[in-house]
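# Descriptive structure summary
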Amino acid sequence: MEDMKNKPESYWKERLTPEQFRITRMRGTERPFSGEYVTQKGDGVYRCVACDHPLFSSDTKFESGTGWPSFYDVIEQGSVETKTDLSHLMVRTEVLCANCGAHLGHVFDDGPNPTGQRYCINSVALKFEGDEK
Ligand code: FE
């Protein structure tokens, strides 16, 4: 299988929009309530915008009020990787695509049942495939 985690910056620059590059490769954050999937409710799968890897299901999406698409679980174990993020004078857990290493957002432990997790994800890092309502 192709190693998507060690592609040079130029590979992603050619394939991603500047905003997608900023979020997924430079660990950026989209403005709250600006993303196209914040209020998306249709049934489907949210994939990595950079590599198509399935990440989240609409089944675990919930309204967090934060302004970013929020999920209480990943689509399957191993879909994402996490990393401690000490930037911006906070201790957070960064969420990355397990296939290509794209920065997706952060996960917090104040989510709803059954997991108590809140995956706070940038719309820009996602590609929705399903019923758009
Ligand atoms: Fe990816």
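Everything below is about the structure shown above.
Keep in mind it's a predicted model, so treat the numbers as computed, not measured. (Residues numbered from 1 in each chain as written. Predicted model: local features only at pLDDT ≥ 70, side-chain atom pairs only at ≥ 80, totals over all residues. Heavy atoms only, no water.)

## Brief notes about the side chain of Glu94
In this fold, Glu94 is placed in strand E6 (residues 92-97). For Glu94, the side chain forms a polar contact with the side chain of Arg27, separated by 3.2 Å. At 2.8 Å, the side chain of Glu94 forms a polar contact with the side chain of His103. Those residues in contact with Glu94, other than ones at most four positions away along the chain, are Arg27, Glu81, Thr82, Lys83, Asp85, His103, Gly105 and His106. (Helix = DSSP H or I, 4+ residues; strand = E, 2+ residues; numbered from the N terminus. Polar contact = N/O pair within 3.5 Å; in protein donor to acceptor, adjacent residues only side chain to side chain. Contact = heavy atoms within 4.5 Å.)

## What about the sheet that holds strand E2 (residues 54-57)?
On the basis of which strands lie adjacent, the open sheet formed by three strands has the order E2-E1-E9 and antiparallel pairing. Two strands close off the open sheet at either side, each with one partner strand: E2 and strand E9 (126-130). Sheet twist, expressed as the average angle between the axes of neighbouring strands with direction ignored, equals 30°. Direction of pairing for strand E1 (residues 44-48) relative to E2: antiparallel, over a ladder of three bridges. Within E2, the residue paired with Arg47 across the bridge is Pro54. (Pairing = 2+ DSSP bridges. Axes fitted to C-alpha atoms, helices over the stretch in contact; angles between N-to-C directions.)

## Let's talk about the pairing of strand E8 (residues 118-121)
Burial along E8 is two-sided: Arg118 and Cys120 facing one way and Tyr119 and Ile121 facing the other are all buried. Relative to E8, strand E4 (residues 70-71) is paired through two bridges, and the arrangement is antiparallel. Bridge assignment links Ser70 to a residue of E8, and that residue is Cys120. Relative to E8, strand E7 (residues 103-108) runs antiparallel, the two being bridged by four bridges. Its bridge partner being in E8, His106 is matched across the sheet by Cys120. (Buried < 20%, exposed > 50% of the residue type's maximum accessible area, 1.4 Å probe, protein only.)

## Section: the coordination of the iron ion
Within the protein, Cys48 (SG), Cys51 (SG), Cys97 (SG) and Cys100 (SG) serve as the donor atoms for the iron ion, at 2.3 to 2.4 Å. Relative to the metal, the four donor atoms surrounding the iron ion lie at angles of 101 to 113°, and the coordination shape comes out tetrahedral. On the basis of relative accessible area, Cys48 is assigned to the buried category, the value being 0%. (Donors = N, O, S within 2.8 Å, 3.2 Å for Na, K, Ca; no water. Tetrahedral: all angles 85-135°; square planar, octahedral: opposite > 155°, others 65-115°.)

## Regarding the pattern of salt bridges
Enumeration over the complete set of coordinates arrives at 11 salt bridges. Taking the shortest distance from any N to any O, the salt bridge between Arg22 and Glu19 comes out at 2.9 Å. In this pair, Arg22 and Glu19 both sit in helix H2 (residues 18-25), three residues apart, roughly one turn of the helix. By relative accessible area, which is 34% here, Arg22 ends up partly exposed. Across the pair Arg27 and Glu94 runs a salt bridge whose closest N-O atoms are separated by 3.2 Å. With Arg27 in the loop between H2 and E1 and Glu94 in strand E6, this pair connects stretches of sequence that are 67 residues apart. Here the residues in one salt-bridge network are Arg27, Asp85, Arg92 and Glu94, joined through shared partners. (Salt bridge = Lys/Arg side-chain N within 4 Å of Asp/Glu carboxyl O.)

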